[in-house]
Amino acid sequence: MQSEEGGCTPLTDEEERRMRAVLFSELGNEIADRGWVRFPAYEPEDRRRLIDVAHRLSAHWGQQVFVEAEDPCRLKLHLAGYGTQPANPNSL
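Residues numbered from 1 in each chain as written. Predicted model: local features only at pLDDT ≥ 70, side-chain atom pairs only at ≥ 80, totals over all residues. Heavy atoms only, no water.

Caption draft 1: Examining the confidence of the model for the protein chain more closely. The pLDDT averaged across the protein chain works out to 87; a share of 84% of its residues lies at or above 70. Every residue in residues 87-92 is under pLDDT 50, and counting partners more than four places away or in other chains gives 0 contacts. (pLDDT = per-residue confidence, 0-100. Contact = heavy atoms within 4.5 Å.)

Following this line, the structure appears as structure tokens:
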């Protein structure tokens with residue numbers, strides 16, 4: 001949401017609850033279907049929100065949902081086996 005000065009205004013408590021509920025449902029469905037999802041996170045609050053959603057999904061499923069920063073503006077939430085694979089030193 002933009003303020004008159006051009007900056008973002010924080011969400012109300014109710015808006016924040018609804019946003020997290022939508023993310024929990026939508027991102028959770030995507031992770032359940034393919035094991036991972038990417039989502040933009042432009043501001044620190046966006047990143048905190050996604051990390052919270054990952055923790056809630058982990059508790060809900062009884063299986064850890066990992067969070068990786070793919071770049072400064074995007075996070076990847078994933079189940080084990082769907083994250084960044086470390087380089088194999090034997091293949092270099």
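Caption draft 2: The side chain of Arg 49, seen in detail. You can see Arg 49 is positioned in helix 2 (residues 44-61). The contact partners of Arg 49, leaving out residues within four places of it in the chain, are Leu 11, Glu 16, Met 19, Arg 20 and Leu 23. (Helix = DSSP H or I, 4+ residues; strand = E, 2+ residues; numbered from the N terminus.)

Caption draft 3: Representation of helix 1 (residues 13-34) in the model. Look at helix 1: 31 Å from first C-alpha to last across 22 residues, which is about the 32 Å you get at 1.5 Å a residue. Among the residues making up helix 1, those that are buried are Glu 16, Arg 20, Leu 23, Phe 24, Leu 27, Gly 28 and Ile 31. The buried side chains of helix 1 occupy one side of the element, clustering within an arc of 120° when seen end-on. When the buried face of helix 1 is taken as reference, the exposed residues oriented beyond 90 degrees from it are Glu 26 and Asp 33. For helix 1, the elements touching its buried residues are strand 1 (36-40), helix 2 and strand 3 (74-78). One or two steps after helix 1, the chain reaches Gly 35, where phi turns positive at roughly 95°. (Expected span 1.5 Å × (residues − 1). Buried < 20%, exposed > 50% of the residue type's maximum accessible area, 1.4 Å probe, protein only. Arc of directions from axis to C-beta.)

Caption draft 4: Representation of the pattern of salt bridges in the model. In this structure the tally under the stated criterion is 11 salt bridges. Across the pair Glu 14 and Arg 17 runs a salt bridge, and its minimum N-O distance is 3.1 Å. Here the residue Glu 14 and the residue Arg 17 both occupy positions in helix 1, the gap between them amounting to 3 residues, near one helical turn. Classification of Arg 17 by relative accessible area gives exposed; the value is 52%. The salt bridge involving Arg 49 is made with Glu 16; its shortest N-O contact spans 2.7 Å. Highlighted residues: Arg 49 in helix 2 and Glu 16 in helix 1, separated in sequence by 33 residues. The exposure class assigned to Glu 16 is buried, which follows from its relative accessible area of 14%. Overlapping salt bridges, with partners in common, bring together Glu 16, Arg 20, Glu 45, Asp 46, Arg 48, Arg 49 and Asp 52 in one network. (Salt bridge = Lys/Arg side-chain N within 4 Å of Asp/Glu carboxyl O.)

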